[in-house]
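As a plain string of letters, each chain reads:
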Amino acid sequence: MKVPYNYLPMQFADVERIISEWRQLISTTEFTLGPFVERFEKQFSEYLGVKHCISTNTGTDALILALKSVGIGNGDEVITVTNTFYATVGAIVATGATPVFVDSDDRFQIDVDKIIPAVTNRTKAVIPVHWAGASPDLDALSTICSEHNIYLIEDACMGIGTSVSGKPAGTYSSVSGFSLHPLKSLHVMGDGGMTATNDDDLARWLKTYRNHGMVDRNHITMWGINNRLQPLQAVVASIELESIDKTIRKRHKNAKILDSGLSDLSDRIFLPERKNSNVENYSLYMGLFQERDLLRAYLEHFDIETKVHYPIPLHLQAAASNLPYSKGDFPNSEKQAEELLTLPVHQYLEEEHLHYMINKIHDFYD
Ligand SMILES: *Cc1c(COP(=O)(O)O)cnc(C)c1O
């Protein structure tokens, strides 16, 4: 039996609906912004329950624009984790600000106890990441940020469909960023991103900056850039949004099967706590697995595809050599980088796939 990690071939086995909506779009020739992009932005803001959603080219751009919208740039410090995708930190650096790392906790989320010691008089924001489609302790983060007068900007790139106490990921912040990349819970068949905010002024800034600084065809109020989502892609996102709840329910069901099937291996496998107050979207089903690399090779031999997110924490990347960090600085993230394994959990897997995987993992440790 094959347990594939990639679900895109199954997701796009039937594309008739997308193509027929593309025909409608093509007949309107509304190829930049326009009604299809606006429709999706409205649908997404209703889905999140926020006032404004402004789409962008990529999730990375959504984070860059979010940071810039609150005025972050040269000379500022932004606190984030070292166990995230490159783009969280790339976005900070792209604004001219300096990333300041803190360690992760046992749920692979930002360790909120490490934040206050990292705050300096140059700290302007904290970017917590909804890593793996789970969430950090956002209530604690909100309190810390408001007490220290710094912005909370969620990297909700992996967090579409994730929530904490009923509040969706990306809605705790002044402004947040989402990714619509093909490996995220809602995507546009290519690159895409979204910002979300309840603040009218930030929304106006984001909308204007994203579109050359234009207020109308003949007037600009600032030097902006072109960072627009493509209408062809907005059409895909609108269609996908209809089934995202169903997709996440299936991922939940699958994750529960894995959780219980692996629970008797707790001396070998560490699974993060699942908080009752949180809904995870299971973008990634991650755990710490002893002898990770051997296990991975063993599973691959039985046609079970797994991933590692990621084997090198960001402070140990060559790109970080100008930052004042070295091995040993973030023990939790470093240990996780050595032992983390991501198992397939996607919505096209059935119980037989999951039990096959669970059995093979047991065989390996036996
Ligand atoms: C995917 C991702 C990004 C970047 O999004 P892109 O759309 O690929 O630019 C940023 N942060 C995290 C945590 C991500 O998972």
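Computed from a predicted structure; not experimentally measured.

So, how was this worked out
- Starting from 1, residues in each chain are numbered consecutively following that chain's sequence as written.
- Under the rules for a predicted model, residues below a pLDDT of 70 receive no local features and side-chain atom pairs below 80 are neither given nor counted, while totals for whole chains, interfaces and linings still include all residues.
- Heavy atoms throughout the structure, all of them, feed into the side-chain values; hydrogens and water do not.
- Residues are labelled near a given molecule or strand when at least one of their non-hydrogen atoms is within 4 Å of it.
- Polar contacts, as used here, are pairs of N or O atoms within 3.5 Å; protein pairs need one atom able to donate a hydrogen and one able to accept it. Residues neighboring in sequence count only if both atoms are side-chain atoms.
- Numbering of helices and strands starts at the N terminus; helices are DSSP runs of H or I of at least 4 residues and strands are runs of E of at least 2.
- Three classes are used, and their members are as follows: Ala, Val, Leu, Ile, Met, Phe, Trp, Tyr, Cys and Pro are nonpolar, Asp, Glu, Lys and Arg are charged, and the others, Gly among them, are polar.
- The classification of residues rests on relative accessible area computed with a 1.4 Å probe and restricted to protein chains. Under 20% of the type maximum is buried, over 50% is exposed, and intermediate values are partly exposed.
- By definition, residues are in contact when any of their heavy atoms lie within 4.5 Å.
- By the convention used here, strands pair only if DSSP detects at least 2 bridges between them.
- Cysteine sulfur pairs qualify as disulfides if the two atoms are within 2.5 Å.
- Buried Ala, Val, Leu, Ile, Met, Phe, Trp, Tyr and Cys residues that are joined via side-chain atoms within 4.5 Å together make up what is termed a nonpolar core.
- Between rings of Phe, Tyr and Trp, where Trp is taken as its six-membered ring, a pair exists when centres lie within 6.5 Å; planes separated by under 30 degrees are stacked, by over 60 edge-to-face, and by other angles tilted.
- Both a distance and an angle decide whether a charge sits over a ring: NZ of Lys or CZ of Arg must be within 6 Å of the ring centre and within 35 degrees of the ring normal.

**Let's talk about the site of the ligand**
No. 1: As a matter of local geometry, the ligand sits amid 15 residues, with G59, T60, D155, S179 and K184 nearest to it.
No. 2: Interatomic distance of 2.5 Å between a side-chain N/O atom of T60 and an oxygen atom of the ligand.
No. 3: Separating an oxygen atom of the ligand from a side-chain N or O atom of S179 is a distance of 2.6 Å.
No. 4: Elements represented by at least two residues in the shell around the ligand include exactly α4 (59-69) and α5 (86-94).
No. 5: A breakdown of the residues in the shell around the ligand according to their chemical character gives five nonpolar, eight polar and two charged.

**Things to note about the environment of N57**
No. 1: Looking at the element boundaries, N57 is found in the loop between β1 (52-56) and α4.
No. 2: For N57, a relative accessible area of 27% puts it in the partly exposed group.
No. 3: For the pair formed by N57 and P331, sequence separation is 274 residues and the distance between their alpha carbons is 35 Å.
No. 4: Among all residues touching N57, those that are not within four sequence positions of it are D191, G192, G193, N226, N227, R228, L229 and Q230.

**Brief notes about the sheet that holds strand β14 (residues 285-289)**
No. 1: Taken together, three strands build an open sheet; the order of strands is β12-β14-β15 and the sheet is antiparallel. Edge positions in the sheet fall to β12 (269-270) and β15 (340-343), since each has one partner strand and no second.
No. 2: Relative to β15, β14 runs antiparallel, the two sharing four bridges. Opposite G287, over in β15, you have L341 as the bridge partner.

**Points about the environment of I239**
No. 1: Mapped onto the fold, I239 is located in helix α9 (residues 231-241).
No. 2: I239 sits 221 residues away from I18 along the chain, and the two C-alpha atoms are 7.6 Å apart.
No. 3: Setting aside its immediate chain neighbours within four residues, I239 contacts R17, I18 and E21.

**Section: the sheet that holds strand β4 (residues 123-126)**
No. 1: Ordered by their spatial adjacency, four strands build an open sheet running β3-β2-β4-β5, and the pairing between neighbours is parallel. The sheet terminates laterally at β3 (98-102) and β5 (151-152), the two strands that pair on one side only.
No. 2: In this sheet, β4 lies alongside strand β2 (residues 77-81) in parallel orientation, the contact comprising three bridges. Bridged to V78 within β4 is A125.

**Let's talk about the state of the cysteines**
No. 1: One pass over the structure, following the stated rule, counts zero disulfides.
No. 2: Free cysteine: C53, not disulfide-bonded; nearest cysteine sulfur from C157 at 13 Å.
No. 3: Residue classification places C53 among the buried positions, given a relative accessible area of 7%.
No. 4: The closest cysteine sulfur to the non-disulfide-bonded C145 is located on C157, 18 Å from its own sulfur.

**What about the nonpolar core?**
No. 1: Of all hydrophobic cores here, the largest spans 27 residues; its most connected members are I79, I110, I115, V126, L141 and M286.
No. 2: Those elements that provide at least two residues to this core are β2, β3, α6 (115-118), α7 (138-147) and β14.
No. 3: At four residues, α7 tops the list of elements feeding residues into this core.
No. 4: The residues contacting M286, other than those within four sequence positions of it, are F108, W131, A132, L271, P272, H309, L340, L341 and T342.
No. 5: Among the nonpolar cores identified, the runner-up in size contains 25 residues, and V3, L265, M357 and F364 belong to it.

**Structural notes on the packing of aromatic side chains**
No. 1: For the coordinates displayed, the defined rule picks out 15 aromatic pairs.
No. 2: Seen from their ring centres, F101 and F330 are 6.4 Å apart, and the 80° between their planes marks the pair as edge-to-face. On the criterion of sequence distance, the pair formed by F101 in strand β3 and F330 in the loop between α11 (292-301) and α12 (331-339) is long-range, its members being 229 residues apart. Judged on exposure class, the residue F101 and its partner F330 are both buried.
No. 3: Both rings, one in Y325 and one in F330, keep their centres 5.4 Å apart while their planes meet at 55°; by these two values the pair is tilted.
No. 4: Relative accessible area serves as the criterion here: at 7%, F330 is assigned to the buried category.
No. 5: Members of the aromatic cluster, connected to one another through ring pairs, are F40, F44, Y47 and F178.
No. 6: If you follow K167 out to its NZ or CZ, it ends over the ring of Y172, 5.0 Å from the centre.

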